[in-house]
Amino acid sequence: ALIADKKVKGLYMLAASQTRDKESLTVEGVERVLAELAERFDYVVLDSPAGIESGARHAMYFCDDAIVVTNPELSSCRDADKMIGFVSSRSRR
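Residues numbered from 1 in each chain as written. Predicted model: local features only at pLDDT ≥ 70, side-chain atom pairs only at ≥ 80, totals over all residues. Heavy atoms only, no water.

Trainee: Could you give an account of the overall build of the protein chain, with specific residues and numbers?
Mentor: Within the protein chain, the secondary structure is distributed over 3 helices and 2 strands. Secondary structure elements of the protein chain occur, N-terminal to C-terminal, as β-β-α-α-α. Projecting the C-alpha coordinates of the protein chain onto the three principal axes gives extents of approximately 40 × 30 × 30 Å. Looking at the protein chain residue by residue over its 93 residues, the buried ones come to 20%. Considering only residue pairs separated by 6 or more positions, the protein chain has 51% of its internal contacts joining residues 24 or more positions apart. (Helix = DSSP H or I, 4+ residues; strand = E, 2+ residues; numbered from the N terminus. Buried < 20%, exposed > 50% of the residue type's maximum accessible area, 1.4 Å probe, protein only. Contact = heavy atoms within 4.5 Å.)

Here's what the structure looks like:
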């Protein structure tokens, strides 16, 4: 269910469900949800999990633009670099 922001008109949040099985999220399911949101909203902003697991890859696959946030730890910078490479080479756009 979409949750309306109490202070900003037209701003909504859709919380993701938590599951232990990180592979339960499918490309088809993400595509269906994003298509429904795109019909209602001009912009859809996704906050994906840290790292390059399936949730982040699915979000990046459908993105028009991406902002990759990292911290200065070497492993985080490597993951960010991999994600930028993924967006550049494997996203739908």
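Here the narrative resumes, following the displayed structure.
Trainee: Could you give an account of the environment of aspartate 79, naming the residues involved and the relevant values?
Mentor: Considering the arrangement of structural elements, one finds aspartate 79 in helix H3 (residues 74–90). Residues aspartate 79 and tyrosine 12, 67 residues apart in the sequence, show an inter-C-alpha distance of 29 Å. Apart from the residues within four sequence positions on either side, aspartate 79 is in contact with Gly51 and Ile52.

Trainee: Give a description of the packing of helix H2 (residues 54–61) against H3 that names residues and reports values.
Mentor: Between H2 and H3, the least distance of the axes is 9 Å, while the angle of their chain directions is 40 degrees. One element, H2, and the other, H3, form an angle in the oblique class. In this structure, H2 crosses over H3, and the sense of that crossing is right-handed. Taken together, the residues of H3 that come into contact with H2 (itself represented by Ala56, Arg57, Met60 and Tyr61) are Met83, Phe86, Val87 and Arg90. For the contact of H2 with H3, the residue count by class is 6 nonpolar, no polar and 2 charged. (Axes fitted to C-alpha atoms, helices over the stretch in contact; angles between N-to-C directions. Parallel < 35°, antiparallel > 145°, perpendicular 65-115°, else oblique. Left-handed = near helix turned anticlockwise from the far one by under 90°. Nonpolar A, V, L, I, M, F, W, Y, C, P; charged D, E, K, R; others polar.)

Trainee: Any chance you could break down the layout of surface pockets for me, citing the residues and the numbers?
Mentor: Its boundaries defined by the atoms lining it, the second largest pocket holds a volume of some 960 Å³. For the second largest pocket, the lining is made up of 34 residues, of which Leu46, Met60, Cys63, Asp65 and Ala66 are closest to its centre. Counting only elements with at least two residues in the lining of the second largest pocket, the list comes to helix H1 (27–40), H2 and H3. (1 Å grid on protein atoms, 1.4 Å probe; cavity = no way out; pocket = protein on both sides within 12 Å on 5 of 7 lines; lining within 4 Å. Points joined across faces, edges and corners; volume = space filled by probe spheres on them.)

Trainee: Residues and numbers for the packing of aromatic side chains, please.
Mentor: Applying the stated rule across the entire model yields 2 aromatic pairs. Aromatic pair tyrosine 61 and phenylalanine 62: ring centres 4.8 Å apart, planes at 90 degrees, arrangement edge-to-face. By relative accessible area, which is 29% here, tyrosine 61 ends up partly exposed. When its relative accessible area of 9% is taken as the criterion, phenylalanine 62 is described as buried. (Phe/Tyr/Trp six-rings, centres within 6.5 Å; stacked < 30°, edge-to-face > 60°.)

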